[in-house]
Amino acid sequence: MKKRTFSIISIILTVFVAFSCLCFPVSATKSSNINNQSQVFSEMDFGCNVKTKSDTVLLVNLDTGVTVYSKEADTKRYPASLTKIMTYVVVAENIKDFSKKIKITSESLKPLEGTGSSISAVSDNVGKSLTVEQLLQCLMISSGNDAALVLADYVGGKDGVKGFVKMMNDKAKELGCENTHFVNPHGLHDPDHYTTARDMYKIASYALMLPDFSNITNTTSYEIGDNYYATTNHLLDSFSEYYYMYARGIKTGTTDEAGRCLVTQAVADGYSYLAVLMHAPYNEAEGINEYYNMEDAAELFRWAFRNITLKEIVTRETPVCEEKINLSWDKNSIQLSPEEDFNVLLPNNVKDKDISIKTDVPDYIDAPVKEGDYVGKASVYYKDEKVATFNLVADETVERSTLLYIIDLLKNVFTSAYFIAAAIIVVILFAIYLFVIVKHNKDNPKRRTVKHYRKM
């Protein structure tokens with residue numbers, strides 16, 4: 001009975017020790033909310049002094065993704081022909097060969113009858129075929145609603161335009177748009193057809209990565225047959241009073257309900273910005289025909305190029321802090337540096353004293369550590385406002401001492417809560433065992449006597 005009881009106790013103790021080893025590995029470090037993704041915060045006050053007439057504005061630096069100015073960027077607005085940016089996206093993702101020809105039918109253009117909406121070369125070529133590239137030119141340069149319907153009807157397949165619109169809404173969700181809903185591919189007014197400047201930024205910045213999008217939207221004119229068609233974007237037209245030499249595309253939009261809208265890009269001196277402007281004043285009946293959306297865009301671009309710079313905060317070779325290291329004979333600490341050169345978009349007049357760096361790293365790290373291993377993060381503050389975080393990595397490789405590792409392993413095991421619990425259970429079991437033995441012997445005195453005589 002004794003042997004059996006001791007065997008059971010030994011097994012229990014062994015299981016708890018093993019479990020303690022698994023639950024408390026020696027390399028566990030005291031870390032503070034570590035996440036190995038660098039981040040530049042997209043909202044910061046850059047002190048923009050431009051007085052915009054557009055009710056909704058969003059200006060984003062495309063090099064960093066940082067928003068440098070916004071006004072009602074999450075307010076729902078009617079997009080008018082800005083809709084065609086998404087139309088382009090869906091077409092480009094479903095037709096790979098832009099030289100493919102599509103026949104123009106009067107049936108596909110019927111929804112436009114009586115709307116007085118913008119048309120392009122498409123309506124002049126009913127019964128003929130145009131290439132996808134030509135249709136996209138009609139769509140994006142001269143803003144042809146007719147081109148939008150022909151492309152939507154073709155890509156939508158058996159479900160036609162209705163199926164295409166579903167694809168538009170599905171793509172909007174995929175891109176992370178939170179306040180966007182389309183009911184048509186051209187942008188004619190509908191109370192249930194809306195978006196926001198922030199969502200339009202997501203759509204446009206994605207579209208910029210698609211084939212020929214930049215080339216087509218930055219084109220000022222095109223010809224189909226004997227006809228010549230010009231862009232609706234006067235920022236691109238060198239003969240226009242609204243011309244801005246650094247502008248690149250992208251799309252205009254105008255209805256009475258939407259006002260004047262614009263999505264455009266500007267590139268200069270190694271910087272690139274995307275502007276979304278919506279609901280600028282427009283009322284043809286009252287004689288309000290100025291292109292305030294384009295005036296706003298040009299002024300915002302000028303302000304950004306003159307007043308914002310990409311400042312180098314740290315380089316890969318710049319140690320940021322020193323970190324305690326365990327389990328190594330040769331090293332007590334190791335230096336941590338940025339994972340890569342790190343720059344932050346800041347106002348031109350920034351002073352070094354306005355910038356500070358705070359680290360978020362474990363209390364210690366355990367060897368082995370390889371050069372370049374992620375250890376923690378550092379946050380960049382501008383005038384006490386957190387503007388960015390970047391990764392910190394080990395500056396060198398540090399090997400682990402086997403002896404120190406074993407000692408630390410045993411220390412972790414014998415001080416773990418599981419081991420202490422196991423020891424307490426063993427003591428309790430052993431006490432119960434002694435109690436049972438003593439009680440058993442008291443209850444059987446004759447048996448003890450017999451054993452005594454036998455020994456004699």
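Computed from a prediction, not measured in an experiment: that's the story for all the values here.

Chemist: Account for the sheet that holds strand E10 (residues 271-280), with residues named and values stated.
Modeler: Spatial ordering of the open sheet is given by E3-E2-E10-E9-E8, a layout of five strands whose pairing is antiparallel. The open sheet has two free edges, formed respectively by strand E3 (66-71) and strand E8 (247-255), since each of these has just one partner strand. Averaged over all pairs of adjacent strands, the angle between strand axes in this sheet comes to 5 degrees, irrespective of strand direction. By the bridge criterion, five bridges tie strand E2 (residues 56-61) to E3 in an arrangement that is antiparallel.

Chemist: Describe the nonpolar core, listing the residues and the values that go with them.
Modeler: In terms of nonpolar packing, the biggest core is built from 60 residues, with Ile85, Met86, Tyr88, Val122, Leu136 and Val263 touching the most fellow members. It is helix H2 (residues 83-94) that contributes the most residues to this core, seven residues altogether. Beyond its immediate stretch of four places on either side in the chain, Val122 contacts Ile104, Leu109, Leu130, Leu135, Cys138, Asp146, Ala147 and Val150. Tyr244, Ala268, Val314 and Leu345 belong to the second-largest nonpolar core, a separate cluster that totals 57 residues.

Chemist: Describe in detail the packing of aromatic side chains, supporting the description with residues and values.
Modeler: Under the defined criterion, the tally for this structure stands at eight aromatic pairs. Where Tyr246 meets Phe305, the ring centres are 6.1 Å apart and the plane angle is 65 degrees; that geometry is what we call edge-to-face. Within this pair, whereas Tyr246 is found in the loop between strand E7 (227-230) and E8, its partner Phe305 is found in helix H9 (residues 292-307), the two being separated by 59 residues in sequence. With relative accessibility at 19%, the residue Phe305 sits in the buried group. Look at Tyr273 and Phe305: their rings are 5.4 Å apart centre to centre, the planes differ by 80 degrees, and that puts the pair in the edge-to-face class. Here Phe305 lies in helix H9 and Tyr273 lies in strand E10, a separation of 32 residues in the sequence. Residues Tyr273 and Phe305 agree in their burial class; the two are buried.

Chemist: So what's going on with empty space enclosed by the protein? Which residues, and what values?
Modeler: Counting across every chain of the model gives two cavities of 30 Å³ or more. Quantified by volume, the largest cavity comes out at close to 40 Å³. Lining the largest cavity, in full, are Met140, Ile141, Thr217, Thr219, Thr231, Thr232, Asn233, Ile250, Lys251 and Thr252. The element that contributes the greatest number of residues to the lining of the largest cavity is E8, accounting for three residues.

Chemist: Just give me the short version of the pairing of strand E12 (residues 321-326), but keep the residues and values in it.
Modeler: Here E12 shows a clear split, with Cys321, Glu323 and Ile325 buried on one side and none of Glu322, Lys324 and Asn326 buried on the other. The pairing of E12 with strand E16 (residues 365-366) spans two bridges and is parallel. Bridge assignment links Asn326 to a residue of E16, and that residue is Asp366.

Chemist: Go over the side chain of Ser272, please, and point to the residues and values.
Modeler: Tracing the backbone shows Ser272 in strand E10. Residue Ser272 is classed as buried on the basis of its relative accessible area, which comes to 9%. When near neighbours in sequence (up to four residues on either side) are disregarded, Ser272 contacts Val60, Asn61, Leu62, Asp63, Gln265, Ala266 and Val267.

Chemist: Mind laying out the packing of helix H5 (residues 145-155) against helix H6 (residues 160-174), listing which residues take part and the relevant values?
Modeler: It is the contact of H5 with H6, at a shortest axis distance of 7 Å, that shows an interaxial angle of 90 degrees. As summarised for this structure, H5 and H6 are arranged roughly perpendicular, according to the angle between their axes. Here H5 contributes Leu149, Ala152, Asp153 and Val155 to the contact with H6, which in turn contributes Gly160, Val161, Phe164 and Met167. A per-class count over the contact of H5 with H6 returns six nonpolar, one polar and one charged.

Chemist: Please set out the layout of surface pockets residue by residue, giving values where relevant.
Modeler: Each pocket or cavity is described by its volume, and for the largest pocket that value is around 400 Å³. What lines the largest pocket is a set of 23 residues, among which Ser81, Ser118, Gly253, Thr254 and Thr255 lie closest to the centre. Elements that contribute at least two residues to the lining of the largest pocket include exactly E8 and H9. For the lining of the largest pocket, the element with the most residues is E8, which contributes five residues. A class-by-class count of the residues in the lining of the largest pocket yields five nonpolar, 15 polar and three charged.

Chemist: Can you lay out the confidence of the model for the protein for me, pointing to particular residues and giving the numbers?
Modeler: Predicted confidence across the protein gives a mean pLDDT of 87, with 85% of residues reaching 70 or more. Of the regions scoring below 50 in pLDDT, residues 20-34 engages in 35 contacts with residues more than four places distant in sequence or in other chains. The low-confidence segment residues 452-456 (pLDDT under 50) makes zero contacts with residues lying over four places distant or belonging to another chain.

Chemist: I'd like to hear about H2, residue by residue, with values.
Modeler: Counting along an α-helix, one turn takes 3.6 residues, and residues three or four places apart therefore face a common direction. Taking 1.5 Å of rise per residue, the 12 residues of H2 would be expected to cover 16 Å, and the 17 Å separating its terminal C-alpha atoms lies within 8% of that figure. The element H2 is extensively covered by neighbouring structure, given that 10 of its 12 residues are classed as buried. Every buried residue belonging to H2 is among Thr83, Lys84, Ile85, Met86, Thr87, Tyr88, Val89, Val90, Val91 and Ala92, and all of these are buried.

Here is what the cut-offs are and how they apply
- Residues numbered from 1 in each chain as written.
- Predicted model: local features only at pLDDT ≥ 70, side-chain atom pairs only at ≥ 80, totals over all residues.
- Heavy atoms only, no water.
- Pairing = 2+ DSSP bridges.
- Helix = DSSP H or I, 4+ residues; strand = E, 2+ residues; numbered from the N terminus.
- Axes fitted to C-alpha atoms, helices over the stretch in contact; angles between N-to-C directions.
- Core = buried A, V, L, I, M, F, W, Y, C linked by side-chain atoms within 4.5 Å.
- Buried < 20%, exposed > 50% of the residue type's maximum accessible area, 1.4 Å probe, protein only.
- Contact = heavy atoms within 4.5 Å.
- Phe/Tyr/Trp six-rings, centres within 6.5 Å; stacked < 30°, edge-to-face > 60°.
- 1 Å grid on protein atoms, 1.4 Å probe; cavity = no way out; pocket = protein on both sides within 12 Å on 5 of 7 lines; lining within 4 Å.
- Points joined across faces, edges and corners; volume = space filled by probe spheres on them.
- Parallel < 35°, antiparallel > 145°, perpendicular 65-115°, else oblique.
- Nonpolar A, V, L, I, M, F, W, Y, C, P; charged D, E, K, R; others polar.
- pLDDT = per-residue confidence, 0-100.
- Expected span 1.5 Å × (residues − 1).

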